[in-house]
Amino acid sequence: MPYRLAVKDIAFFERPVSFARPFRFGAVVINATPQAFVRVEIEVEGKGTATGAGAEFLVPKWFDKRPQLAPEETVTELRRSLLIARNIYLTHSGFETAFGLHAACIGAQIEACGTEDIPPLAAAYGPAEIDKAILDALLRCIGTNFFDGMAANVAGIDARLSRDLTDVDAPQFLASRRRRERVAIRHTVGMDDKVEGEGGVADIRENAGARYFKLKLNGDPAHDADRLIRIGKELATLPYDYRVTLDANEQYADLAALSALVDRLDREAVLRPITAKLLYIEQPMPRDITRQSPLGALARRDFIVDEADDSYDAFPIARALGYRGISSKSCKGIYKSVINATRAAKWSAAGEKCFVAGEDLTCQAGLAVQQDLALGALIGVTHAERNGHHYVDGFGDTPATEAEAFLSAHPDLYARDGNKIRLAIHDGDLLTGSLTAPGFATSVHPDWSAMSPLEQPTARIPLEKAV
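Residues numbered from 1 in each chain as written. Predicted model: local features only at pLDDT ≥ 70, side-chain atom pairs only at ≥ 80, totals over all residues. Heavy atoms only, no water.

**Q** Is there a simple way to explain unusual backbone geometry in this structure?
**A** What is expected of a backbone is that most residues other than glycine have negative phi and most peptide bonds are trans. Despite not being glycine, Glu-250 has its phi angle at roughly 75°, a positive value. Structurally, Glu-250 can be placed in the loop between strand E7 (243–247) and helix H9 (255–267). Since its relative accessible area comes to 8%, Glu-250 is described here as buried. Phi at Thr-362 takes a positive value of approximately 55°, unusual for a residue other than glycine. With respect to the helices and strands, Thr-362 occurs in the loop between strand E11 (355–358) and helix H14 (367–379). The buried category is assigned to Thr-362, whose relative accessible area is 3%. (Helix = DSSP H or I, 4+ residues; strand = E, 2+ residues; numbered from the N terminus. Buried < 20%, exposed > 50% of the residue type's maximum accessible area, 1.4 Å probe, protein only.)

Structure follows, in C-alpha cells:
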C-alpha cells in the first residue's frame with residue numbers, strides 16, 4: 001500500500017573525488033569530479049518523520065555533450081538541476097506518494113531547466129537524486145527494506161507518466177520481483193586503458209575477475225575494429241567464459257559509419273573473440289541523430305539507448321526504431337528504470353526480445369553504488385557496469401571513519417585491502433544480502449560534517465523566473 005509523505009527540507013553537499021587513472025569515454029577524459037550528496041527530511045502521514053540520503057557523481061560532458069560547453073559548465077548545469085528541483089519539490093507542501101511527488105514535479109523541472117538551456121537528460125538529474133533520498137527516508141520511516149518496500153509499491157508507482165502502460169502494470173511487475181542475490185560486475189575498458197600484458201584487460205589485478213566487459217568505442221570504424229581485435233586476443237586467453245558489450249557514447253556520426261563497423265563485426269573472423277561473445281551495442285549515435293535514424297537491417301544486432309533516454313517516452317520511441325534495450329542508471333531516475341523494466345517484461349512476455357541493461361556513470365563506493373546495485377538487483381539486471389572500483393582508489397577521498405562505517409554495516413559488499421577499503425568482488429560478482437537493511441540499500445549515512453555545501457552556481461537567468 002502506498003504511503004503519503006511531505007518533504008520538509010532538502011540539503012545538498014559535495015566532496016571532491018580524485019581518480020586513480022584517467023577515464024576516457026567519447027570525447028572526454030575525467031581525472032577527478034565532485035560527488036554530490038542529498039539529504040532530505042520528510043514527514044510520512046501517520047508515521048512520523050525521517051531523514052534520507054542519496055549520492056552521485058557530478059560527471060562532466062555526459063549529460064550534455066554540446067561541444068561549445070566546457071566540462072565545468074556541464075557540471076554547473078547539474079548543480080543548477082539540483083537547486084531548481086529543490087525549489088520545485090519544496091513548493092509541494094501537501095502529502096503525496098513518493099512517485100506522485102516525482103510525477104507532479106518532473107514536467108515543471110524539464111520546463112524550468114529549459115529556460116536556462118539545460119537539456120532534459122541533465123534536467124532529470126536533480127529529481128533523480130532527490131527521489132533516491134526521499135525513498136530512503138520513506139523506507140526508514142516505515143521500517144522496510146528497499147526490496148520488500150518496492151514489491152509492495154510503497155512509492156505508489158502508476159502509469160501517469162507512461163501512457164503505453166496501465167496503472168496495474170508496474171505494481172504487478174514489482175510484486176513479482178525477488179532480489180537477485182548476486183549481480184556480476186561488467187569491467188569497463190576505457191579508451192585510455194591498457195589492452196595487452198600486465199595491467200591489461202586480461203590481468204585479474206585490473207579486471208577483478210570479471211566475466212563481463214564493456215568496451216568503449218571512439219566512432220572511427222577502422223580504429224575501433226583494430227582495437228577490438230587486440231582486446232579480443234587478450235580476452236581469449238582468459239581461463240573462463242566471458243561476454244562483452246560495446247559502448248560508443250554517441251561517437252558514431254550516422255548510420256553509414258555504424259554500418260561500417262557492424263559489417264566488419266559480421267564478416268571478419270579475426271573479430272570473432274568479440275562478436276561471438278557480444279551481447280549488445282550501446283548508444284552508437286548522438287541522441288538527436290538516434291531519434292531520426294531507424295536501425296533497419298542493423299537491428300540484426302541488439303542495440304540499446306543510454307544518453308538518448310531523456311524522457312519517459314524514450315524506450316517506446318527507441319523500440320520503434322529497432323532498439324531492443326535501454327540502460328538503467330539511478331542518475332537518470334529510479335522510477336524511470338522501474339517503468340522501463342515493466343515495459344521490457346511486458347513486451348518480452350508477448351514474444352518480443354526486450355531488456356534493461358545495467359550501466360554505471362562511475363557510482364562511487366558507499367551510497368551511490370549501493371542504491372544503483374539494489375535497483376538493478378530488483379528489476380532483474382544480471383550484470384552491471386561498475387566503474388568506481390576501477391577508476392577510483394577504493395573509497396577515494398572519503399574520510400576513513402566513514403569508509404569504516406560502510407564496511408562494518410555492509411561486510412559482504414566491501415573488503416579491507418591494506419589501508420584501503422574496496423568493493424568486495426566474489427568470483428566476478430557483487431553480493432546484495434546486506435542491502436536488505438531498512439532504508440534504500442544502506443544501513444548508514446555519510447558524515448555530513450565532512451563535506452562542503454553544494455557549490456551555488458549563478459543561474460543563467462534569475463532562479464525565481466526559472467521556476
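This is not the end of the story, as more comes after the structure.
**Q** Looking at this model, I keep getting lost on the layout of surface pockets. Mind explaining?
**A** To find the voids left in a structure, one rolls a probe of water-molecule size over its atoms. Quantified by volume, the largest pocket comes out at close to 420 Å³. Lining the largest pocket are 20 residues, with Arg-205, Ala-208, His-389, Arg-422 and Ile-425 sitting closest to its centre. Elements with a minimum of two residues in the lining of the largest pocket: strand E1 (4–25), helix H7 (204–207), helix H15 (388–391), strand E13 (414–417) and strand E14 (420–423). Residue lining of the second largest pocket: 20 residues in total, with Phe-355, Val-356, Ala-357, Gly-380 and Val-381 positioned closest to the centre. (1 Å grid on protein atoms, 1.4 Å probe; cavity = no way out; pocket = protein on both sides within 12 Å on 5 of 7 lines; lining within 4 Å. Points joined across faces, edges and corners; volume = space filled by probe spheres on them.)

**Q** Is there a simple way to think about the pattern of salt bridges in this case?
**A** Oppositely charged side chains can form a pair if their charged atoms are brought close together. Tallying each qualifying case throughout the model produces 55 salt bridges. Its salt-bridge partner being Glu-206, residue Arg-21 comes within 3.0 Å of it at the nearest N-O pair. Taken together, the positions of Arg-21 in strand E1 and Glu-206 in helix H7 put the pair 185 residues apart, joining distant regions of the chain. The partner of Asp-266 in a salt bridge is Arg-301, and the shortest N-O contact between them spans 3.0 Å. Of this pair, Asp-266 sits in helix H9 while Arg-301 sits in the loop between helix H11 (287–290) and strand E9 (303–305), and the two are 35 residues apart along the sequence. Of the residues examined, Asp-266 reaches a relative accessible area of 36% and is grouped as partly exposed. Members of the salt-bridge network, linked through shared partners, are Arg-186, Lys-214, Lys-216, Asp-247, Glu-282, Glu-359 and Glu-385. (Salt bridge = Lys/Arg side-chain N within 4 Å of Asp/Glu carboxyl O.)

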